[in-house]
Every structure is written in structure tokens, then in C-alpha cells.
Amino acid sequence: MSRRRVLVVTWELQPDSGWGRYSLGLVRGLLERGVELTILTDRRAESPELAARVIPCLSSPLAPLDKPLPFAWNLAQVWRHAPGHQLVHFFVEPYALAASPVFPWPYAITVHGTYGLSPLRMNPVTRTLWARTMRRAAAVVCVSGYTRRRVAEALPLTRLEVVTNGLEPLRPPTTTFDREIAGGPVLMAAGALKPRKGYHTTLDALPRIRERFPDVHYYLVGDDQDRKYVAGLRERIERLNLERNATITGIVDDAYLDALYRRTDAYVQPAENSGGAFEGFGLTYLEANAYGKPVVGTVDCGAEDAIDDGENGYLVPQRDPEAVADAVLRL
């Protein structure tokens, strides 16, 4: 039997983002099972050493949604490298538009969350192309039952599967973090600082938590490029007099993140559905669990697949600071 060959189309193979972490884990798993991979990534992406052919040639995964030139470029790259592969798997949703409208090779699409549905809210051409692309896929793989429900509500698809995210064994950092992590108890959440992550709800819950634990400290860890939202978080911290109880760290290195996970008492990320954006799964809940830490997430999003309420953490209603405070105080 000839060796199976798959073309993977993804953004990056670094664990700095949900897309990157998913891609790296799945690539490693496929290679362990003897699948021969060609991997197309963003042309600026750095990749770890892998037993696969990695070609950094793509434009940003967000560009195809509204810019015709990057879309045409990505389409050309996928069509150029697809021949000779038995399957093309789009790990990152926006790149799958390269499979429209008459892609001749079998392909699969992983839908993580927001970006699997956002093309349907854009211009008529993009909506039509995306719906056709999804319908023609050999499989549409959703990372949670909640994501599957959202996709099914938007499009009647017959090849709609759920394969929840998993977590690779955590590798120890190569360096150590030697600064003190203040707080008692310590709370944290990690991920891009965006409204759908619910950082603001935890800040609103902190004053009540502080009544019982005056030295509580909440660390907000992640990409802070959403300047408007981050400015709103800083204003909230000042307005609620939380300067001694909350720290926005931005992106941190592996040693700092490892130290935070080890030091934290609870991982608190009350995600919310914000406009068309939603939390598709929440891999960081599992990361915290891997360190033996309980988590607080919300119902009506992908966290329902990551958290077994009352077992590895608590699920609370969205946008409910009182419920978040109750859960943290119970922990």
C-alpha cells in the first residue's frame, strides 16, 4: 500500500496561538502514524524541526476574507502544491476559501470557532463561496459540540464531525522564571485579550473576591494588540481600584507562563459570545488542568466540552460577575 500523503494548510506551527497549538499537535500525531505531510504556512512563520516538508508561502489567514490579492496568492499556492496528495486539510478556516469554487482534490476543514462562520456575515460573494466550500468538503471537523451546533444552525451539512481538542504532554520550559509572582490567592487566564475571552467579567468579580481575600491577584496573559479592548480593561482596573490586584502581562515566554500555571490557585476565563465571536473550545482550560488547577468557564460555548462541571472546574452563566465570584470563592 502506498504511503498516505496529506497537504496541510495552516498559519503557523508554534504554540503561541490556538491555531498554532492545534496545528503542531495534529501534525505530530499524523507523522507518528506514518502520514507523509507537506505543510503550507504563513511566509513569516517559524517552524520547529519536523519530519515533513514545510513551505512558508502563504499570506495572513485573515487576508482572504476581504482582500482579493492575498486571496488569489493563497489560492495559487494551494493549487500549486495540492497535486500528488490524497487529501488537503485546511487546519485554519479562512484558508479553505482556496478550495472554491471548483477545487478538484478531496479536502477537509477544521472549524475552531468564530472564523468558521464569519465569512457568512460578509459580502454576498464571500458568503456564497464559503457556503459552497463547506458543502463540498469531504469532512468539516468541529473542535466541540457547541461549534458543531453553531455550524449546523448556519449551514445544512451532511459531513459534519466533532473531534474535540486534546492536549499534548506539557514540555518543561528551557529556562527558569526567577521573579516572585505576587498574590494570595493567584488567579489567571491566558489567551488573546479579546472581548470573547471575558477578562472584563473577571475584573468585575474581583472586588467581591477581594472582600474575603484582600491579596488576591489576577494575571491577564496574552496578546494585547486589541488596543481598544485593552484600554477598556485598564480603565476598569483603575475604576475598580484594582491596581494592586490585577496585572496585564501581554505575551509572556514559556518560563513565565509555566511559573504562573504552577503558582495559580484557579484558572478563570468566563468566555462570552460577543457579536459573532465565540469560544470554540478553550484549550487553556485543559492546560490549567494538566497543572492540577481547577478552572472556571461558561456555558453556551465550547468550554462545555472542556469542563465537566463540578469535576475539573465550574461552568457559570456568561456575563455574570457574581457567578464568577461565587465559583472562585467555592474553589
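These figures come from a predicted structure and were not determined experimentally.

Caption draft 1: Summary view of the overall build of the protein. Looking only at helices and strands, the protein has ten helices and 13 strands in total. Against the 2.2 N^0.38 benchmark of 20 Å for 331 residues, the protein shows a C-alpha radius of gyration of 21 Å, consistent with a compact globule. When the backbone C-alpha atoms are referred to their principal axes, the protein occupies close to 60 × 45 × 35 Å. Looking at the protein residue by residue over its 331 residues, the buried ones come to 53%. Positive and negative charge centroids in the protein, built from 39 and 39 side chains respectively, lie 8 Å apart.

Caption draft 2: Examining the pairing of strand β12 (residues 295–298) more closely. The alternating pattern of β12 places Val 295 and Gly 297 on one face and Val 296 and Thr 298 on the opposite face, and all of these are buried. Pairing geometry for strand β11 (residues 266–268) and β12, over two bridges, is parallel. Residue pairing for β12: Tyr 267 is matched across the bridge by Val 295. Between β11 and its parallel partner β12, the chain crosses via helix α8 (residues 283–290), and the hand of that crossover is right-handed. In the sheet, β12 pairs with strand β13 (residues 313–316) via four bridges, with the strands oriented parallel. Across the sheet, the residue bridging to Gly 297 is Leu 315, located in β13.

Caption draft 3: Seen up close, the sheet that holds strand β10 (residues 246–250). As summarised here, the arrangement of the six strands in space is β10-β9-β8-β11-β12-β13, forming an open sheet in which the pairing is parallel. The sheet is open, and its two edges are formed by β10 and β13, each paired on a single side. The mean inter-strand angle of the sheet, taken between neighbouring strand axes irrespective of direction, is 25 degrees. Strands in contact with helix α5 (residues 199–212) are β8 (186–190), β9 (217–221), β10 and β11; relative to β9, the strand with the most contacts, it is inclined by about 170 degrees.

Caption draft 4: Looking closely at helix α7 (residues 254–263). In terms of burial, α7 is a largely internal element, seven of the ten residues being buried. For α7, the full list of buried residues reads Ala 255, Tyr 256, Leu 257, Asp 258, Ala 259, Leu 260 and Tyr 261. Among the structural elements, β8, β9, β10, β11 and α8 are those in contact with the buried residues of α7.

Caption draft 5: Spatial organisation of the side chain of Thr 38. By secondary structure assignment, the location of Thr 38 is in strand β2 (residues 36–42). The buried category is assigned to Thr 38, whose relative accessible area is 5%. A polar side-chain atom of Thr 38 sits 2.9 Å from a polar atom in the side chain of His 85. Apart from residues no more than four positions distant in its own chain, Thr 38 is found in contact with Arg 5, Val 6, Leu 7, Val 8, Arg 53, Ile 55 and His 85.

Caption draft 6: Seen up close, the state of the cysteines. A complete count under the given rule lists zero disulfides for this structure. Of all cysteine sulfurs, the one in Cys 301 lies closest to Cys 142, which takes part in no disulfide; the gap is 15 Å.

Basis of the calculations
- Residues numbered from 1 in each chain as written.
- Predicted model: local features only at pLDDT ≥ 70, side-chain atom pairs only at ≥ 80, totals over all residues.
- Heavy atoms only, no water.
- Helix = DSSP H or I, 4+ residues; strand = E, 2+ residues; numbered from the N terminus.
- Rg over C-alpha atoms; globule rule 2.2 N^0.38 Å.
- Buried < 20%, exposed > 50% of the residue type's maximum accessible area, 1.4 Å probe, protein only.
- Lys, Arg positive; Asp, Glu negative; His and termini not counted.
- Charge placed at Lys NZ, Arg CZ, Asp CG, Glu CD.
- Pairing = 2+ DSSP bridges.
- Right-handed = clockwise from strand over helix to strand, strands pointing away.
- Axes fitted to C-alpha atoms, helices over the stretch in contact; angles between N-to-C directions.
- Contact = heavy atoms within 4.5 Å.
- Polar contact = N/O pair within 3.5 Å; in protein donor to acceptor, adjacent residues only side chain to side chain.
- Disulfide = S-S within 2.5 Å.

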